[in-house]
Amino acid sequence: SAFEARLTALGEVLFASVQPGPPSAESVMRADALLRDLEGHDLATEGEGVRHVERALMTVRLLAWLVSHSTAKLTTSASPYDAVESLGTWYADDGGYVDWARRAARGPEDTPFGRGAQAVVRRADETRKALDRAFAKAFVEWNAAGQPSQNVVPIHHALERIAAKFLEEDRERRLLVLLLDGMAWAQAVELLESLGHAEWGPLAWHGTKRGRVGHGVYPVVLAAAPSITEVSRAAFFASKPPTPGRAEDTQKDRERFRDNKVIGSFASSTEPPTLLLRAESHTKGGSASEEALRLVGDTERRVVAIVVNAIDDSLKGNPATRHAWGVENIASLPDLMERARASGRAVLLASDHGHVPADLLEIKGTQAGGGARWRPLTSPNDVVHDFEVALPAGRVWAPKGAYGVALMADETGRWESSTHAGEHGGATLAELCAPCVLVGTESLSGPVPNDALAVRAHYVPSFWHLGISPPPPAPIESAPLPAELASPPKQLVLPTLTPKPPKPTPKHT
């Protein structure tokens, strides 16, 4: 009863915090105090209490984000496409944590606590929808402007601007390009947290003059549109933009990587760049194959690549299934990472595109061709819905004969009926912002310290720790001054100095 009472009290504060106006820092402090009270109960660490406390924590984190972030600051720009850079930077730094929290906080609302938690989640969903639509609109303008890439990286430049630059600095460096198909930033931040427990972390190289891209903690890599595996993965491994009208085959990714001139400069003529796909890199049980472990352990090869399909495959599963994306939850990952450590390799944790979960997806109707989150356009006069953005073929891929493509601009829609746990192909932040982070261990630098190879703790935004500044104290109200003291004197008045009295003359006897 005491535990339920504490849950109820927290739920009521959460509900009130978003009704009717925006939440305040004071509401976060009240919710934080009630959360600590809940965590202090004996039932918080056993049975159903664990699940309730986890949901409560994620909900209060969402509330803290709603108070601390500024939508206007992210979407206000000098040019039509600046929001691609500002929102992309925000998403690579903070957005993955927001989406992780939204998924974990979502749940039933048949109790006062559930009602309060869902009220906060809905407010966060509304805010994210607005950010996604602003990003999708700016993405159209960014493509029309020729994809300016000073502060962001089109995915066909990712190997050149990250992997190649890293390897060029030192002939002794070795790299494993580990592409986790379909990994969004919500999974990437969870994976980075898990890697930290195994003494892996982002390399300081990302903050060096040569390694820095843009103004964020991590580079903003933008997937090829539409954000589907066949198109965006081909662009990544070939280091070439997708060709409109040409059907792409993922089985050709091995040849694309082998013939990649950017990567070829780090390989010998007898041992060209090697990429292993699922059939060669994994056993039937999902573990790393002997061939994959031999390849990663071959110190004569400076750069090798492996595709891991665990995340993308999970999207085809039941939406009711929840996955934890730690190192131990992907069967091949612990052995691949350990072999990379033993062979002195840094690892480029990369993705070809992200995805949106099924949580908010509703069927928008049927359409001919395309996928769950995109469709072809036959002419510039085709109807484009308010939940879509249209892009002509050229900078983006489109099927043969199509004028262009229409992409879903938020995470609320899909074409056709489906029971998939997630979808991709659209133009949201979660789909187009592809994680691409260099990680390593302290053993990389060897006996001579190297600042670029130093391992940093993964970045965690302040709202994750409920870091909200308290509101300023209210001014103290005082009684009005008398009229004669209310206005200042006309000239400066110096205080009167009274001389000290002279010391008495002593009397002589």
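Whatever comes next refers back to the structure up there.
All values reported here derive from a predicted model rather than from experimental measurement.

S.K.: Report on the sheet that holds strand E1 (residues 153-154), specifying residues and quantitative values.
M.R.: If you walk across this open sheet you meet the three strands as E1-E4-E15, and the pairing is mixed. The two strands at the open ends of the sheet, each matched to only one other strand, are E1 and strand E15 (433-434). Where strand E4 (residues 221-222) and E15 come together, two bridges link them in antiparallel fashion. Bridge pairing in E15 places Leu222 opposite Cys433.

S.K.: Quick rundown of the nonpolar core? Include the residues and the values.
M.R.: Counting 145 residues, the largest nonpolar core has Leu178 and Leu348 as its most contacted members. Residues contacting Leu348, with those up to four places away along its chain left out, are Leu159, Ile162, Ala163, Leu175, Leu176, Val177, Leu178, Cys436, Val437 and Leu438.

S.K.: Describe the pattern of salt bridges, and please don't skip the residues or the numbers.
M.R.: On inspection of all chains with the given rule, the structure shows 32 salt bridges. When the shortest N-O distance is used, the salt bridge between Arg102 and Asp125 registers 2.8 Å. Of the two residues, Arg102 is situated in helix H5 (residues 82-105) and Asp125 in helix H6 (residues 112-144); the sequence distance between them amounts to 23 residues. Per residue, the accessibility class of Arg102 equals that of Asp125, and both read buried. Where salt bridges share partners, they join Asp99, Arg102, Arg103, Arg106, Asp125, Arg128, Asp132, Asp359 and Glu411 into one cluster.

S.K.: Go over unusual backbone geometry, please, and point to the residues and values.
M.R.: For residues other than glycine, phi is negative in most cases, and the peptide bonds are mostly trans. Look at the link from Gln19 to Pro20: it is a cis peptide, with omega at -10°. Counting through the fold element by element, Pro20 comes out in the loop between helix H1 (2-17) and helix H2 (25-39). In the segment running from Ala225 into Pro226, the intervening peptide bond is cis, with an omega of -5°. Tracing the sequence through the fold places Pro226 in the loop between E4 and helix H9 (229-238). Of note in this structure, Gln147 is not a glycine but carries a positive phi near 55°. For Gln147, the position within the fold is in the loop between H6 and E1. Residues other than glycine seldom take positive phi values, yet Glu416 does so here, at roughly 70°. Looking at the element boundaries, Glu416 is found in the loop between strand E13 (413-414) and strand E14 (422-423). On the basis of relative accessibility, which here comes to 34%, the residue Glu416 falls in the partly exposed class.

S.K.: I'd like a description of the sheet that holds strand E2 (residues 174-180), backed by residues and values.
M.R.: On the basis of which strands lie adjacent, the open sheet formed by six strands has the order E3-E16-E7-E2-E6-E5 and mixed pairing. In the strand order of this sheet, the two ends are held by strand E3 (201-202) and strand E5 (274-276), each with one partner. Bridging between strand E7 (residues 345-350) and strand E16 (residues 436-440) involves four bridges; their strand directions are antiparallel. Paired with Leu348 across the bridge in E16 is Leu438. Along the sheet, H9 contacts E2, E5, strand E6 (303-308) and E7; its crossing angle with E2, the most-contacted strand, is approximately 175°.

S.K.: Give a detailed account of the packing of aromatic side chains, specifying residues and quantitative values.
M.R.: In total, this model carries 14 aromatic pairs according to the counting rule given. With a centroid separation of 5.8 Å and 85° between ring planes, the pair formed by Phe237 and Phe257 is classed as edge-to-face. With Phe237 in helix H9 and Phe257 in helix H10 (residues 253-258), the pair connects residues that are 20 residues apart, well separated along the chain. Accessibility classification places Phe237 together with Phe257 in one group, the buried group. Pairwise contacts between aromatic rings join Tyr97, Trp100, Phe463 and Trp464 into one cluster. Positioned above the aromatic ring of Trp464 is the side chain of Arg61, whose terminal nitrogen or guanidinium carbon lies 4.0 Å from the ring centre. The lysine or arginine in question, Arg173, covers the ring of Phe166, its NZ or CZ lying 4.6 Å from the ring centre.

S.K.: Explain the environment of Asn143 residue by residue, including any values.
M.R.: Tracing the backbone shows Asn143 in helix H6. Relative accessible area serves as the criterion here: at 7%, Asn143 is assigned to the buried category. Sequence-wise, Asn143 and Leu432 are 289 residues apart; in three dimensions their C-alpha atoms are separated by 13 Å. Aside from chain neighbours lying at most four places away, what touches Asn143 is Leu391, Arg395 and Val396. At a separation of 2.8 Å, a polar atom in the side chain of Asn143 contacts the side chain of Gln147.

S.K.: With reference to specific residues and values, describe the environment of Glu442.
M.R.: As for its position among the elements, Glu442 is in the loop between E16 and helix H17 (483-486). Expressed as a C-alpha distance, the spacing of Glu442 and Arg36, which sit 406 residues apart in the sequence, is 36 Å.

S.K.: Lay out the pairing of E7 in plain terms, naming residues and giving numbers.
M.R.: By the criterion of burial, E7 is predominantly enclosed, with six of the six residues buried. Residues Arg345, Val347 and Leu349 point to one face of E7 and Ala346, Leu348 and Ala350 to the other, with burial holding for every one of them. Two strands pair when backbone bridges link them, and E2 and E7 are joined in this way by six bridges, in the parallel orientation. Its bridge partner lying in E7, Leu176 is registered against Val347.

S.K.: Describe H1, with residues and values.
M.R.: In a regular helix each residue adds 1.5 Å, so 16 residues correspond to 22 Å; H1 covers 23 Å between its end C-alpha atoms and thus fits that length. When H1 is considered as a whole, its buried residues turn out to be Phe3, Leu7, Leu10, Gly11, Val13, Leu14 and Ser17. Down the axis of H1, the smallest arc covering the buried residues is 165°, so these residues share one side. Next to the buried residues of H1 lie H2, helix H3 (48-68) and H6.

S.K.: How would you explain the packing of H3 against H5 if you had to name every residue and give the values?
M.R.: The interhelical angle for the contact between H3 and H5, taken along N-to-C directions, is 140°, at an axis separation of 8 Å. One way to sum up the angle between H3 and H5 is to call them oblique. H3 and H5 meet at a crossing whose hand is left-handed. In this structure, H3 uses Arg55, Met58, Thr59, Leu62 and Trp65 to contact H5, whose residues at the interface are Trp90, Val98, Trp100, Ala101, Arg102, Ala104 and Ala105. Here the residues of the contact of H3 with H5 are counted per class, giving nine nonpolar, one polar and two charged.

What counts as what
Residues numbered from 1 in each chain as written. Predicted model: local features only at pLDDT ≥ 70, side-chain atom pairs only at ≥ 80, totals over all residues. Heavy atoms only, no water. Pairing = 2+ DSSP bridges. Helix = DSSP H or I, 4+ residues; strand = E, 2+ residues; numbered from the N terminus. Core = buried A, V, L, I, M, F, W, Y, C linked by side-chain atoms within 4.5 Å. Buried < 20%, exposed > 50% of the residue type's maximum accessible area, 1.4 Å probe, protein only. Contact = heavy atoms within 4.5 Å. Salt bridge = Lys/Arg side-chain N within 4 Å of Asp/Glu carboxyl O. Axes fitted to C-alpha atoms, helices over the stretch in contact; angles between N-to-C directions. Phe/Tyr/Trp six-rings, centres within 6.5 Å; stacked < 30°, edge-to-face > 60°. Lys NZ or Arg CZ within 6 Å of the ring centre and 35° of its normal. Polar contact = N/O pair within 3.5 Å; in protein donor to acceptor, adjacent residues only side chain to side chain. Expected span 1.5 Å × (residues − 1). Arc of directions from axis to C-beta. Parallel < 35°, antiparallel > 145°, perpendicular 65-115°, else oblique. Left-handed = near helix turned anticlockwise from the far one by under 90°. Nonpolar A, V, L, I, M, F, W, Y, C, P; charged D, E, K, R; others polar.

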